[in-house]
Amino acid sequence: MNTDHNAFSLLPYPRARLLMADGGQLGIRKHTIHGLVEFDVTRARAAIRRYESRTGETLSFTAFFLACLGTAVDRNPQLHAYRDWRGHLVVFDELDVNTLFEVEVDGQKTIRPHILRGVNKKSLHELHHEIRSFQNDHESGQEATFINWFVRLPGFVRRLLLRILLRNPQLRKEYYGTALVTSIGMFGQGGGWGIPVTNHTLQLTLGGIGQKPGVIEDRIEPREYLSITISLDHDVVDGAPAARFAQQLRELVEGAYGLCA
């Protein structure tokens with residue numbers, strides 16, 4: 001049998017990926033620190049399953065996590081602060097979370113961002129319905145319009161515009177959000193962490209959910225643990241407030257904040 005060891009396929013590079021490539025080039029210059037943590041989500045996932053059996057609707061786990069995040073950031077607003085070009089620290093009242101979803105564009109799977117505005121002012125159910133609405137109609141959103149225009153610019157123009165955007169906190173908030181949440185756990189099973197390259201002061205990367213023994217009231221029983229990477233700009237956030245934020249977020253997630261008991 002004749003085997004061609006040099007065979008390959010030539011595919012077009014997805015234009016939408018250019019935004020990720022440009023952002024990565026700028027992100028590697030930031031002084032980012034990463035914390036790898038595990039949160040017990042057994043109680044929360046059980047509440048979501050009960051909600052589904054009662055209503056027939058699958059409640060978004062991402063919406064639940066965002067509701068917890070909004071409350072934790074409300075208590076620690078410096079976690080999504082940004083420096084401006086004059087040396088001031090801009091701390092926004094509203095948390096705008098840039099979320100990443102896998103969608104189909106021109107017959108190919110790609111990642112598309114969507115900014116949920118004022119997450120710290122919205123309920124879990126409001127966030128749930130906004131996420132589902134975006135997933136069903138992602139082509140008509142502001143983000144899709146911006147990306148389709150932006151990726152057609154020459155590379156040096158894109159990177160120049162990104163530098164200008166990232167140095168202006170108000171423009172950053174409008175086009176990039178004040179924090180980023182992405183989930184890599186949707187693509188597989190079991191625990192595991194991702195280490196991102198980020199341009200945000202705060203990014204949370206949700207990894208997989210794995211089952212392992214846990215201690216509950218002096219009893220050992222199987223529990224479900226979510227792997228989370230908390231990434232922070234160390235130029236803006238110190239270790240102590242970062243630790244307080246992580247602990248408060250843990251308490252909200254493990255306490256199934258906003259879900260029916």
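Here, the structure is the one placed above.
Numbering of residues starts from 1 in every chain and runs along the sequence as written. Selection of residues for local features in this predicted model requires a pLDDT of at least 70, selection of side-chain atom pairs for listing and counting requires 80 or more, and totals for whole chains, interfaces and linings are taken over all residues. For the side-chain quantities, the full set of heavy atoms in the structure was used; hydrogens and water were omitted.

## Thoughts on helix 6 (residues 155–166)
Helix and strand labels come from DSSP, where a helix needs a run of H or I of at least four residues and a strand needs a run of E of at least two; each type is numbered from the N terminus. One fewer than the residue count of a helix, multiplied by 1.5 Å, yields its expected span. Compared with the 16 Å implied by 1.5 Å per residue over twelve residues, the 16 Å span of helix 6 between its first and last C-alpha is a close match. For every residue, the accessible area (1.4 Å probe, protein chains only) is compared with the maximum for its type, and the residue is labelled buried under 20%, exposed over 50%, or partly exposed between those bounds. Here helix 6 has its buried residues at Gly-155, Arg-158, Leu-162, Leu-165 and Leu-166. The buried residues of helix 6 occupy an angular sector of 90° when the element is viewed end-on, so they sit on one face. In this description, one arc is meant: the one made by directions from the helix axis to the C-beta atoms.

## Notes on the side chain of Thr-178
Summarising the element assignment, Thr-178 is placed in the loop between helix 7 (169–176) and strand 6 (179–183). Assessed through its relative accessible area of 1%, Thr-178 is described here as buried. Pairs of N or O atoms within 3.5 Å make up the polar contacts considered here, provided that, within protein, one atom can donate a hydrogen while the other can accept it, and that residues adjacent in sequence are counted only when both atoms are side-chain atoms. A polar contact is formed between the side chain of Thr-178 and the side chain of His-80, at a distance of 2.9 Å. When near neighbours in sequence (up to four residues on either side) are disregarded, Thr-178 contacts His-80, Tyr-82, Phe-92, Glu-94, Leu-95, Asp-96, Lys-173 and His-200. Between two residues, a contact is recorded if the distance between any of their heavy atoms is within 4.5 Å.

## Section: the packing of helix 3 (residues 61–75) against helix 8 (residues 239–254)
For the pair helix 3 and helix 8, the least separation of the axes is 9 Å and the interaxial angle reads 140°. One element, helix 3, and the other, helix 8, form an angle in the oblique class. For the crossing formed where helix 3 meets helix 8, the hand is right-handed. Residue-level inspection shows Phe-64, Phe-65, Cys-68, Leu-69, Thr-71, Ala-72, Val-73 and Arg-75 of helix 3 in contact with helix 8, the latter providing Phe-245, Gln-248, Leu-249, Leu-252 and Val-253. We call Asp, Glu, Lys and Arg charged. Ala, Val, Leu, Ile, Met, Phe, Trp, Tyr, Cys and Pro are nonpolar, and the rest, Gly among them, are polar. Residues of the contact of helix 3 with helix 8, tallied by class, amount to ten nonpolar, two polar and one charged. Orientation is described by axes fitted as lines to C-alpha atoms, over the contacting stretch for helices, and by angles from 0 to 180 degrees between their N-to-C directions. Orientation labels follow simple angle bins: below 35 degrees gives roughly parallel, above 145 gives roughly antiparallel, 65 to 115 gives roughly perpendicular, and whatever is left gives oblique. Crossings are sorted by hand: turned counterclockwise from the far helix by less than a right angle, the near helix makes the crossing left-handed, and turned clockwise it makes it right-handed.

## Quick look at the packing of helix 6 against helix 7
Where helix 6 contacts helix 7, the axes come no closer than 6 Å and their chain directions differ by 115°. Taken together, helix 6 and helix 7 sit at an angle that is classed as roughly perpendicular. For the pair helix 6 and helix 7, the contacting residues are Leu-162, Leu-165 and Leu-166 in the first and Leu-171, Arg-172, Tyr-175 and Tyr-176 in the second. When its residues are assigned to classes, the contact of helix 6 with helix 7 shows six nonpolar, no polar and one charged.

## Describing the pairing of strand 8 (residues 219–233)
Counting buried positions along strand 8 yields eleven of 15 residues, so the element is predominantly enclosed. Note: two strands are recorded as paired if DSSP finds a minimum of 2 bridges between them. Here nine bridges tie strand 1 (residues 32–40) to strand 8, and the two strands are oriented antiparallel to one another. In the strand pairing of strand 8, Ile-33 is matched with Leu-232. Between strand 7 (residues 202–216) and strand 8, which pair antiparallel one after the other, the connecting turn spans two residues, and Glu-217 there sits at a positive phi close to 50°.

## Re the packing of aromatic side chains
In summary, the pairing rule links any two rings of Phe, Tyr or Trp, Trp by its six-membered ring, whose centres are within 6.5 Å, and it sorts them by plane angle into stacked for under 30 degrees, edge-to-face for over 60 and tilted for everything else. Counted under the stated rule, the structure contains two aromatic pairs. Note on Trp-149 and Phe-150: the rings are 6.2 Å apart at their centroids and 55° apart in plane angle, and the pair reads as tilted. For Trp-149, a relative accessible area of 48% puts it in the partly exposed group. Its relative accessible area of 2% is what places Phe-150 among the buried residues. Over the face of the ring belonging to Tyr-225 we find Lys-212, whose NZ or CZ atom lies 5.9 Å from the ring centre. In this analysis the charged atom, NZ for Lys or CZ for Arg, is taken to sit over a ring once it is within 6 Å of the ring centre and within 35 degrees of the ring normal.

## Comments concerning the pattern of salt bridges
We define a salt bridge as a contact between a side-chain nitrogen of Lys or Arg and a carboxyl oxygen of Asp or Glu at a distance within 4 Å. For the coordinates displayed, the defined rule picks out 13 salt bridges. Of the charged contacts, one joins Arg-83 and Asp-235 as a salt bridge, the two residues approaching to 3.8 Å between their closest N and O atoms. Taken as a pair, Arg-83 in strand 2 (residues 81–83) and Asp-235 in the loop between strand 8 and helix 8 lie far apart in primary sequence, 152 residues in all. Judged by relative accessible area, Asp-235 falls into the partly exposed class, the value being 40%. Glu-221 serves as the salt-bridge partner of Arg-219, at 3.3 Å between the closest nitrogen and oxygen. Under the relative-accessibility criterion, Arg-219 is labelled partly exposed at 42%. Look at the salt bridges and you will find they share partners, linking Asp-40, Glu-217, Arg-219, Glu-221 and Arg-223 into a network.

## Regarding a nonpolar patch on the surface
In this scheme, patches are assembled from residues that exceed 30% relative accessible area and form no salt bridge. Like charges are connected within 9 Å, while nonpolar side chains (Val, Leu, Ile, Met, Phe, Trp, Tyr) are connected within 5 Å. Here, Shrake-Rupley sampling with a 1.4 Å probe gives the accessible areas, and only protein chains in the shown set may cover a residue. A cluster of nonpolar side chains, namely Trp-149, Leu-160, Leu-161, Ile-164, Leu-171 and Tyr-175, defines an oily patch on the protein surface of about 550 Å² accessible area. The dominant element in the nonpolar patch, judged by the number of residues it contributes, is helix 6, at three residues.

## Brief notes about the nonpolar core
For soluble globular proteins, the rule of thumb is that nonpolar side chains tend to be buried together. Side-chain atoms within 4.5 Å link the members of a nonpolar core, which is a set of buried Ala, Val, Leu, Ile, Met, Phe, Trp, Tyr and Cys residues. Counting 48 residues, the largest nonpolar core has Leu-69, Leu-202 and Leu-249 as the members making the most contacts within it. With ten residues, the top contributor of residues to this core is helix 3. Contacts of Leu-249, omitting those with residues within four sequence positions, involve Phe-39, Phe-65, Cys-68, Leu-69, Ala-72 and Leu-204. Residues Ala-16, Leu-19, Val-151 and Leu-165 belong to the second largest nonpolar core, which totals eleven residues.

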